Amino acid sequence: MAAEKAEMDALKKECDALRTQIEAARKAANDGSMSAAAGGVASVGRVQLKLRKNLKGHLAKIYAMHWSADSRSMVSASQDGKLLVWDTFTGNKLVAVPLKSAWVMSVDFAPSGNLVASGGLDNICTVYNIKAASPKTLRELDAHTGYLSCCRFLSDSEILTASGDTTCCLWDLETGKQKIIFTNHIGDCMSLALSPDMNYFISGACDSLAKLWDVREGACKQTFSGHTSDINAIAFFPSGNAVITGSDDCSCKMYDLRADQEVLDYTDSSLNAGVTSLALSNSGRLIFAGYDDFNCHIWDSLKGEKVGVLSGHDNRVSCTGVPEDGMGVCTGSWDSFLKLWN
Amino acid sequence: MSSSSSIVAMKKVVQQLRYEASINRVKVSQAAAELQQFCMNNATQDPLLTGMSSSTNPFRPQKVCSFL
């Protein structure tokens, strides 16, 4: 008993020493502020985007949306128990997928455009073939012991999921089995984002930490702290060297992967609503962040200043997305509408 | 939780921290400069930043002219 206690104390001491070492190393690398460095960069001015389309069709709160790689189709998920695939150029609905469980929290479009995936309080990630004559369930990925908060396709044969059971998972869609389980978070995983080169992904969780993982090794490479509440949204900066997070603590943050620390904080004293979702413009300069205050606020990612707002929803903005061609922003809301802006 | 499983869990925490402590870190000033450079280099490829004309805007309904 005494020997075990001694061992435990030694381990705790080593933990504290390592944490101190990491903080010291980060401080040593912190030789200048990002926003000060951006002093020489031209301002983007006021960003004023117009509402181009209001997509009506869902009958209840929209929880998630995702653009297709063709930058034209888009899939949305609502707790009315349906996934809708839209042609955003015409506003027409292309496909309706009825869900077994209406409590959906996430949706994704495969890069090929052949498959969509969704999941939520049923703990299952269901993959559908939407190119068949009528939407066909391809796989039900059932192993998580908590809700499915996020799913992201790597291809038609692999998908990553994040769950309320605190793990993320890489699945083989051909067998329907788990390939790798990513464990390290101590709170519900709320969101994940794949790096542009698809070798890494980043997860945000209710433990207020963001973690960088190697997709193939399964290892947690880096851990980023700073938020004081759940991280609901996460995205890679397009260069792949930084990550943006959005949290219930009402702020967004940028973490640089190579400096291994927070480099910018996007907060405004007038903003007292949690961040639900975020998306970046193609150059990474603009951050579109959806908030509980019914708006999507636009931030200058380099200067840390608020430069615009997308107003029009009558309830919380729950999801935000920019297509690959960067031609617009889509916001989805608990008011049951999706809006397209540019 | 038995004390031996707490020790196993604690050893994992220590192992993870050792791993995270060992990485090389780039200076923030250099990282910031590279992020800025990326934004500058890609600014012209960013339609939300540069704006677009209504003829190239895929979400703007096409106005059809007809002779009355």
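This one's a predicted model, so the numbers in the text were calculated from it and none came from an experiment.

What counts and what doesn't
Residues numbered from 1 in each chain as written. Chains lettered and ligands numbered in written order. Predicted model: local features only at pLDDT ≥ 70, side-chain atom pairs only at ≥ 80, totals over all residues. Heavy atoms only, no water. Helix = DSSP H or I, 4+ residues; strand = E, 2+ residues; numbered from the N terminus. Pairing = 2+ DSSP bridges. Axes fitted to C-alpha atoms, helices over the stretch in contact; angles between N-to-C directions. Expected span 1.5 Å × (residues − 1). Buried < 20%, exposed > 50% of the residue type's maximum accessible area, 1.4 Å probe, protein only. Contact = heavy atoms within 4.5 Å. Buried area = accessible area lost by both parts, 1.4 Å probe. Salt bridge = Lys/Arg side-chain N within 4 Å of Asp/Glu carboxyl O. Polar contact = N/O pair within 3.5 Å; in protein donor to acceptor, adjacent residues only side chain to side chain. UniProt positions renumbered as here; feature names shortened; annotations may be inferred. Core = buried A, V, L, I, M, F, W, Y, C linked by side-chain atoms within 4.5 Å.

A closer look at unusual backbone geometry
Residues and elements named next belong to chain A.
Consideration 1: Unusually for a residue other than glycine, Thr166 sits at a positive phi of about 75°.
Consideration 2: Tracing the backbone through its elements, the reader meets Thr166 in the loop between strand 11 (158-163) and strand 12 (167-172).
Consideration 3: The backbone phi angle of Ser208 is positive, close to 65°, even though this residue is not glycine.
Consideration 4: For Ser208, the location among the structural elements is in the loop between strand 15 (200-205) and strand 16 (210-214).

Some details on the sheet that holds strand 22 (residues 275-280) of chain A
All names here are of chain A.
Consideration 1: Spatially, the 4 strands line up as an open sheet ordered 22-23-24-25, and their pairing is antiparallel. If you trace the sheet from one side to the other, it starts and ends with strand 22 and strand 25 (305-310), each paired once. Strand after strand, the sheet turns through a mean of 25° between neighbouring axes, direction not considered.
Consideration 2: Two elements, strand 22 and strand 23 (residues 286-291), share 5 bridges in a ladder whose sense is antiparallel. When the sheet's bridge partners are listed, Ala279 is paired in strand 23 with Phe288.

Here's the deal with helix 1 (residues 3-21) of chain B
Consideration 1: Given a rise of 1.5 Å per residue, 19 residues ought to cover 27 Å, and the 26 Å separating the end C-alpha atoms of helix 1 of chain B matches this to within 8%.
Consideration 2: Those residues of helix 1 of chain B that fall on the buried side of the exposure criterion are B:Ser6, B:Ile7, B:Met10, B:Val14, B:Gln16, B:Leu17, B:Glu20 and B:Ala21.
Consideration 3: If you follow the buried residues of helix 1 of chain B, they end up packed against helix 1 (2-29) and strand 17 (220-224) of chain A.

Some points on the interface of chain B and chain A
Consideration 1: Between chain B and chain A, the contact holds 42 residues from the first and 63 residues from the second.
Consideration 2: Here chain B packs against chain A, burying approximately 4600 Å² in sum over the two surfaces, 67% of which is carbon and sulfur.
Consideration 3: When residues of chain B are sorted by the area they lose upon contact with chain A, B:Leu35, B:Leu48 and B:Phe59 head the list and together hold 19% of the total.
Consideration 4: Applying the counting rule to chain B against chain A returns 4 salt bridges.
Consideration 5: A salt bridge links A:Glu7 to B:Lys11; its shortest N-O distance comes to 3.2 Å.
Consideration 6: There are 16 residue pairs in polar contact (both at pLDDT 80 or more) connecting chain B and chain A.

Details of the UniProt feature "coiled-coil region" (unreviewed entry) in chain A
Consideration 1: Those places that UniProt annotates as "coiled-coil region" (unreviewed entry) correspond, in this numbering, to residues 1-28 of chain A.
Consideration 2: Spanning residues 1-28 of chain A, this segment combines 96% helix with 0% strand, and its end C-alpha atoms are found 41 Å apart.

A look at the UniProt feature "repeat: WD" (unreviewed entry) in chain A
Residue and element names in this part refer to chain A.
Consideration 1: Those residues carrying the UniProt feature "repeat: WD" (unreviewed entry) are residues 55-96, 141-181, 182-223, 224-265 and 310-342 in this numbering.
Consideration 2: The distance separating the terminal C-alpha atoms of residues 55-96 is 14 Å; by composition the span is 0% helix and 57% strand.
Consideration 3: Secondary structure content for residues 224-265 is 0% helix and 55% strand, and the end C-alpha separation is 13 Å.

Some points on the pattern of salt bridges
Residues and elements named next belong to chain A.
Consideration 1: What the rule picks out here adds up to 17 salt bridges over all chains.
Consideration 2: For Asp87, the salt bridge goes to Arg72, with nearest N and O atoms at 2.7 Å. Of this pair, Asp87 sits in strand 4 (residues 82-87) while Arg72 is found in the loop between strand 2 (62-67) and strand 3 (73-78), placing the two residues 15 residues apart along the sequence.
Consideration 3: Judged by relative accessible area, Asp87 falls into the buried class, the value being 9%.
Consideration 4: A salt bridge links Glu217 to Lys221, with the shortest nitrogen-to-oxygen separation between them at 3.5 Å.

What about the nonpolar core?
Consideration 1: In this structure, A:Met34, A:Met254, A:Tyr266, A:Leu278 and A:Tyr291 are the most contacted members of the largest nonpolar core, which totals 30 residues.
Consideration 2: Elements supplying a minimum of two residues to this core: strand 18 (231-236), strand 19 (242-247), strand 20 (252-256), strand 21 (261-266), strand 22 and strand 23 of chain A together with helix 2 (28-42) of chain B.
Consideration 3: Examining the composition of this core, we find that 5 residues originate from one element, helix 2 of chain B, more than from any other.
Consideration 4: The residues contacting A:Met34, other than those within four sequence positions of it, are A:Met254, A:Val263, A:Leu264, A:Leu302, B:Ala32, B:Leu35 and B:Gln36.
Consideration 5: Within the second largest apolar cluster, 15 residues are counted, among which are A:Leu160, A:Cys189, A:Leu192 and A:Cys220.

Let's talk about the sheet that holds strand 13 (residues 177-183) of chain A
Residues and elements named next belong to chain A.
Consideration 1: The strand order across the open sheet formed by 4 strands is 10-11-12-13, and the pairing between neighbours is antiparallel. At either margin of the open sheet sits one strand with a lone partner, and together these are strand 10 (148-155) and strand 13. If you compare each strand with its neighbour and ignore which way they point, the axes differ by 20° on average.
Consideration 2: In the sheet, strand 11 pairs with strand 12 via 5 bridges, with the strands oriented antiparallel. Counted as the bridge partner of Ala162 is Cys168 from strand 12.

Here we look at the environment of A:Leu340
Consideration 1: Mapped onto the elements, A:Leu340 comes out in strand 28 (residues 338-341).
Consideration 2: Sequence separation between A:Leu340 and A:Phe89 is 251 residues; the distance between their C-alpha atoms is 9.9 Å.
Consideration 3: Apart from the residues lying within four places of it in its own chain, the contact partners of A:Leu340 are A:Lys50, A:Leu51, A:Arg52, A:Lys53, A:Leu55, A:Trp67, A:Thr88, A:Val329, A:Cys330 and B:Phe59.

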